[in-house]
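Take a look at the letters that make up each chain.
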Amino acid sequence: MIHLAADFSPGKPNLRTPEAAPALSPDTLSISQQKTVQSALQFVVTLGVCPYLMPGVGVPLRCRTEFGAVVQDVVCLDVPPHATRRLYSSCKVLLNVAHHTSLGSLIFCRHFGDLAAGLCQLGFCPTKRKPLNPEEEVLTEEERTLSREALRDILDQVYQPLAVRELLILQGGPPQPCTDEKTQVRYRAPAWLRRLCGQLLSERLMRPSGVQAVVRGILEGAGAGAAGGSDGEAAAADWKKCDLIAKILASCPQQCLSPEDYYRDICPQILDLFHFQDKLTARQFQRVATTTFITMSRERPQLASKYLLQPVLAPLHRCLNTAEIPESDMVPGIILVTEEELTRCIEDVFKVYVVGNEPVTVLVDSLLPVLGVLFSLYCFTKQSVSHIRSLCQEILLWILGKLERRKAIASLKGFAGLDKSVSSLHSLCQFRAAAQGGIMVTIKEAICDEDEDEALYQKVSSEQCQVEHLGDLLAHCQECGLAGDFFIFCLKELTHVAVENEAELKTKPFSSKSLLELEQHQTLVEGQEQKLLVLQLLAALCERMSEQIFTNITQVVDFVAATLQRACASLAHQAESTVESQTLSMSMGLVAVMLGGAVQLKSSDFAILKQLLPLLEKVSKVYPDPVIQELAVDLRITISTHGAFSTEAVSVAAQSTLNKKDPQGKMEEQQQTSHESYSDDSHLKQQQSPEKSKQTGLKSNAPLIPQEVRGPRTITNQKSGSVTTDQLQEVLLSAYDPQIPTRAAALRTLSRWIEQRETKALEMQEKLLKIFLENLEHEDAFVYLSAIQGVALLSDAYPEKILLGLLAQYDSDKNKHTPETRMKVGEVLMRIVKALGDMVSKYREPLIHTFLRGARDPDSVHRASSLSNLGELCQRLDFLLGSVVHEVTACLIAVAKTDHEVQVRRAAVHVIVLLLRGLSQKATEVLKDVLKDLYHLLKHVVCLESDNVAKLHAQLALEELDEIMRNFLFPPQKLEKKIVVLP
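Residues numbered from 1 in each chain as written. Predicted model: local features only at pLDDT ≥ 70, side-chain atom pairs only at ≥ 80, totals over all residues. Heavy atoms only, no water.

Engineer: Any chance you could explain the confidence of the model for the chain here in plain terms?
Structural biologist: Low pLDDT means the predicted atomic positions in that stretch should not be read closely. On average, residues of the chain carry a pLDDT of 76, and 80% of them reach 70 or more. When mean pLDDT is taken per element in the chain, helix 15 (residues 339-355) scores highest with 92 and helix 30 (residues 690-696) scores lowest with 34. Ignoring residues within four places in sequence, the model shows residues 223-233, a span with pLDDT below 50, making 7 contacts including any to other chains. Predicted confidence for residues 501-508 stays below pLDDT 50, and this span has 12 contacts to residues more than four positions away or in other chains. (pLDDT = per-residue confidence, 0-100. Helix = DSSP H or I, 4+ residues; strand = E, 2+ residues; numbered from the N terminus. Contact = heavy atoms within 4.5 Å.)

Encoded structure:
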């Protein structure tokens, strides 16, 4: 037995059994015992503390319950011992009992307010007179001192938000409703108690985490129920509480040595309120922090800037180009600003500026120096997915909207790179994606001599992206007028760009140049860069801005004035061009439209228009075109007479300008700056009559120039068969107009009529085809793309008459037609193939033979185009590919293996990808005879081809083929039941 007992080893205990739970301390109270103790404590407090409190000290018993009112009436205060002595004895007993851990928690949770009120009265209530005999003294000075010390001890022991809340109630919080009609009036707290509670609350605030305690003490336990019912009332009560807390935190306590010491201790705690992770309390804490931040900035801007704004913006200041980076941080690749710091900085700035939405001067001025870094960060976030992109955009839009217009334009100049004096990202710093999806700032790697070209390319592409992102940002600033003002500023800068600098770049080697010549050369180079940047910026703005960019008469007049100044400057240097002439005509036509009644003008508007009088007079004298001269004179007369006298030339110019708007309502100036931004589908906006325009006036939510119901472009909205011969002739003449927008609009109108099957237009199909084919030769993309669309629509209506002629033109040698024209015809054929759909099988033979012959053309670009068209055709023929599949396969194999041009080999492999992708599961039947040859060709390309793009196309084709064969060999199992109806 002894050996058996020695060898016994019990197993591991099960921690889930009650026996395995840790033993409770011997003084732990059960639930029933806690109820008994709570009843006893309530009895002691009700009979020994509350009846002996002075009026205004604590909450009276009669204002709590009906039973409390009964107790208050039965207690006799005249019977010895003295009421103060009774209060002292009760408080002393409760404090002694509270030394026990289990009992102390029960006392402080339920009766801390009453105990604190008693100790305040015992220790701090002033006596009326000093007693003559010690026997007459109710409390000795030692007992009063013990009471004061006991009060401070329990205030330090309890949960600080609880202490704050009880002190606020003692100080004179909101009155509690009373059930007894005789005791509705509650006494105001005595002055000594209010001063004492204010002092004690200030001490709670100055303690570590005191701000959080004050916020929790006011906000905890006062949710929607305390607010009084509905969500709206609760939200209003929360805002009032937040404003109250902000005023409390922004006020420097009297016992504090100086406001600066107070701000130095409190501001870090206020910033910590922004970073709470608990979703239940984070919203209220952030609201309090934002309100306090703004209140402090308004009341003490210098201290707020030093202790609030500088810590928040420190990560952005650290990477400014004006900042001095320590030598220890100059190591390439070292992290200057961590992901957490930058994310927290952007979120805090968003909460203070955008959510707070108070344009306090110190807030706006403090953000100005770091706007360049913020914009660079915004541009970097646009390159990939980032959760701080929207925050950066909202911050930039907020500050640009709140700044004075002059400062906002200056900031935009810095964003665009036109003003080098604006602070920006340090040249040694760069943004990099971080591990947690955020962004960090690091030191750039040193650039080797071999990487100089790559660094230059990165710099140029970065500047291009910044300009594009600036255009995207300004697209959100059109309603406030900032986009229009900045666009006018760029036009004024364009006046300096319109005339080339007479000084030319000298080709003298740098070694033979003096220092002065080198400085002049550098200045000249910077000027050329500035000009190119202005042109690039204008192109981006014209591409992204809508017709609502101008929101008032002043902006329109400034736009016209800038255009007139540019025209005069060009004439002075004898640098007139077609674009300048068209722009001048359009701007003067814009003034004629306003004077013609499209906008209801007031006397103040004519005062603004009078700014154009000197410029119009100069144009009337120096411009060589007599029509422009006459129009300038007539406009001066109309403006000077406030519209009382208007000539026929003004009305004609207005009508001509209205007819030259593009299908999306943008003005001709924008068309000339960026033709390729034109949108193909032009669903016209509903027309607006001049009478309606006169009633509504010039508004920011409507186009400045209303559309008329006359002219070649707007006829396309009419019903089929409503086009007259005169209208058709007018559009046909406009198709030969030397002005590019007018010609393109006419071609689009003809295309729309063909699509709508207008009878008058279809009767002249041969003439229309001739017009479209002639415009295919045009060098401007805006024109020849419109011609391509017209030929495609005409071929869809009459394929038999037009398709064969196009194939002959596409198949001709380069002596008859230029390679560019043949490529454009190839684009037309591509659109025709897509439009015909299943009907393309009727023209299978001529199409395939033309494309196969094109695959042997001497021009490599034409060979690639023919193969691309062949792929689109084969993709739509399916089973109709028929016997020509062998010819197509042989052509693809020969080209992919033997052609010297890599572009052509890529096209051949891409045809196989399109073929397999279009046929899908039908490939095993249509290509059953050549599938093996195609597979061998793809493997050959993957193994032996030197071009990576061709390899990629071949790999994609192999993946398509693999998927097809897997589905063919292992078809998916379908759980279906067939029902056969017997005869």
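Engineer: Looking at this structure, how should I read the pattern of salt bridges?
Structural biologist: The full count for this structure, using the stated rule, is 22 salt bridges. Arg298 serves as the salt-bridge partner of Glu358, at 3.5 Å between the closest nitrogen and oxygen. In this pair, Glu358 is assigned in the loop between helix 15 and helix 16 (361-367) and Arg298 in helix 13 (residues 279-299), connecting sequence segments 60 residues apart. Arg298 sits in the partly exposed class, given a relative accessible area of 47%. For Asp947, the salt bridge identified is with Arg906, shortest N-O distance 2.7 Å. Separated by 41 residues along the polypeptide, Asp947 in the loop between helix 43 (931-944) and helix 44 (948-969) and Arg906 in helix 41 (residues 902-919) bring together distant segments of the chain. With a relative accessible area of 12%, Asp947 lands in the buried category. Via salt bridges that share partners, Asp156, Arg204 and Arg207 belong to a single interconnected network. (Salt bridge = Lys/Arg side-chain N within 4 Å of Asp/Glu carboxyl O. Buried < 20%, exposed > 50% of the residue type's maximum accessible area, 1.4 Å probe, protein only.)

Engineer: Is there a simple way to think about the environment of Ala957 in this case?
Structural biologist: Mapped onto the secondary structure, Ala957 falls in helix 44. On the basis of relative accessible area, Ala957 is assigned to the buried category, the value being 0%. Those residues within four positions of Ala957 in sequence are excluded, and the remaining contacts are Ile912, Val913, Leu916 and Leu938.

Engineer: Got a minute to help me understand the pairing of strand 3 (residues 439-443) in this structure?
Structural biologist: Side-chain direction in a regular strand flips from residue to residue, so the side chains alternate between the two faces of the sheet. With 5 of 5 residues buried, strand 3 lies mostly within the body of the structure. Residues Ile439, Val441 and Ile443 line one face of strand 3 and the alternating positions Met440 and Thr442 line the opposite face, and both faces are buried. As paired elements, strand 1 (residues 335-337) and strand 3 share 2 bridges and run antiparallel to each other. Within strand 3, the residue paired with Val337 across the bridge is Val441. One ladder, built from 5 bridges, connects strand 2 (residues 429-433) with strand 3; its direction is antiparallel. Bridge pairing in strand 3 places Gln430 opposite Thr442. Counting the residues between successive antiparallel strands, the hairpin from strand 2 to strand 3 contains 5 residues, one of them, Gly437, with a positive phi of roughly 90 degrees. (Pairing = 2+ DSSP bridges.)

Engineer: Please clarify how the packing of helix 39 (residues 860-877) against helix 41 should be interpreted in this entry.
Structural biologist: Relative orientation and spacing of two packed helices are given, respectively, by the angle between their axes and the distance between those axes. The N-to-C vectors of helix 39 and helix 41 enclose an angle of 5 degrees; their axes lie 8 Å apart at closest approach. When the axis of helix 39 is compared with that of helix 41, the two are roughly parallel. For the pair helix 39 and helix 41, the contacting residues are Ser860, Arg863, Ala864, Leu867, Gly871, Glu872, Cys874 and Gln875 in the first and Gln903, Val904, Ala907, Ala908, Val911, Leu914, Leu915 and Gly918 in the second. Taken together, the residues that form the contact of helix 39 with helix 41 break down as 9 nonpolar, 5 polar and 2 charged. (Axes fitted to C-alpha atoms, helices over the stretch in contact; angles between N-to-C directions. Parallel < 35°, antiparallel > 145°, perpendicular 65-115°, else oblique. Nonpolar A, V, L, I, M, F, W, Y, C, P; charged D, E, K, R; others polar.)

Engineer: What exactly am I supposed to notice about helix 27 (residues 626-640) here?
Structural biologist: In an α-helix, one full turn covers 3.6 residues, which means residues spaced three or four apart are oriented alike. Compared with an ideal rise of 1.5 Å per residue, which puts 15 residues at 21 Å, helix 27 spans 21 Å between its outermost C-alpha atoms and is within 8% of the ideal. Among the residues of helix 27, those classed as buried are Ile628, Leu631, Ala632, Asp634, Leu635, Thr638 and Ile639. Among the residues trailing helix 27, His642 stands out with phi positive, at a value near 55 degrees. (Expected span 1.5 Å × (residues − 1).)

Engineer: Where do I start with the sheet that holds strand 3 in this structure?
Structural biologist: The strands that make up a sheet pair up through hydrogen bonds in the backbone, lying either parallel or antiparallel. Pairing is antiparallel in the open sheet, where 3 strands are placed in the order 1-3-2. Of all the strands in the sheet, the pair left with one neighbour each is strand 1 and strand 2. The average angle at which neighbouring strand axes cross in this sheet is 45 degrees, direction not considered. In this fold helix 15 packs onto strand 1, strand 2 and strand 3, with an angle of close to 125 degrees to the strand it touches most, strand 3.

Engineer: Would you mind showing me how to read the UniProt feature "domain: RNA polymerase II assembly factor Rtp1 C-terminal" (unreviewed entry) in the chain here?
Structural biologist: On the UniProt side, "domain: RNA polymerase II assembly factor Rtp1 C-terminal" (unreviewed entry) is annotated at positions that read residues 728-839 and 931-963 here. Between the C-alpha atoms that bound residues 931-963 there is a distance of 14 Å. The span itself is 91% helix and 0% strand. (UniProt positions renumbered as here; feature names shortened; annotations may be inferred.)

Engineer: Help me understand the packing of helix 9 (residues 210-219) against helix 13, please; the structure alone is not making it clear to me.
Structural biologist: Put simply, helix 9 and helix 13 touch, their axes get as near as 11 Å, and they point 115 degrees apart. In terms of axis orientation, helix 9 runs roughly perpendicular to helix 13. For the element pair helix 9 and helix 13, the recorded crossing hand is right-handed. For the pair helix 9 and helix 13, the contacting residues are Gln212, Val215, Arg216 and Leu219 in the first and Thr281, Gln284, Phe285 and Val288 in the second. (Left-handed = near helix turned anticlockwise from the far one by under 90°.)

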